[in-house]
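Next come the chains, spelled out residue by residue.
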Amino acid sequence: MKRRPELDYMNAAACLLVILIHVLSVGIVAADPASWQAAAIYFPWRFAAFVVPAFLYTAAVKLAGRGG
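Before going into details, it helps to say that this report is about the structure given with it. (Residues numbered from 1 in each chain as written. Predicted model: local features only at pLDDT ≥ 70, side-chain atom pairs only at ≥ 80, totals over all residues. Heavy atoms only, no water.)

## Digging into the overall build of the chain
Secondary structure summary: the chain contains three helices and zero strands in total. Each helix and strand of the chain, placed in order from N terminus to C terminus, yields the pattern α-α-α. Its C-alpha radius of gyration of 16 Å places the chain more than 25% over the 11 Å reference for a compact globule of 68 residues. Dimensions of the chain along its principal axes, counting C-alpha atoms only, are 50 × 20 × 15 Å. Residues classed as buried in the chain amount to 24% of the 68 residues present. By sequence separation, contacts in the chain at least 24 residues apart represent 69% of the contacts at least 6 residues apart. Carbon together with sulfur atoms contributes 72% to the accessible area of the chain, which is approximately 5100 Å² in total. (Helix = DSSP H or I, 4+ residues; strand = E, 2+ residues; numbered from the N terminus. Rg over C-alpha atoms; globule rule 2.2 N^0.38 Å. Buried < 20%, exposed > 50% of the residue type's maximum accessible area, 1.4 Å probe, protein only. Contact = heavy atoms within 4.5 Å. Areas by Shrake-Rupley, 256 points an atom, 1.4 Å probe, with all protein chains shown as cover.)

So, in structure tokens, the structure goes:
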């Protein structure tokens, strides 16, 4: 299979979003659940939740494309 650079870009974006999830989780734990700050942290944190399966999917597609 020919190398597909868009998979590399998607994998890099997913990797950065996984890091974002981990960084925001510190704020989720520390913030008061009733505050607006908690809501401001919670919504991007939940929005980025799709990224873990996407990261694994791109890694699997790249591995399958190598033939191994």
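## As for helix α1 (residues 5-30)
Compared with the 38 Å implied by 1.5 Å per residue over 26 residues, the 39 Å span of α1 between its first and last C-alpha is a close match. The inward-facing, buried residues of α1 contact α2 (36-47) and α3 (51-66). (Expected span 1.5 Å × (residues − 1).)

By themselves these figures say nothing about function.
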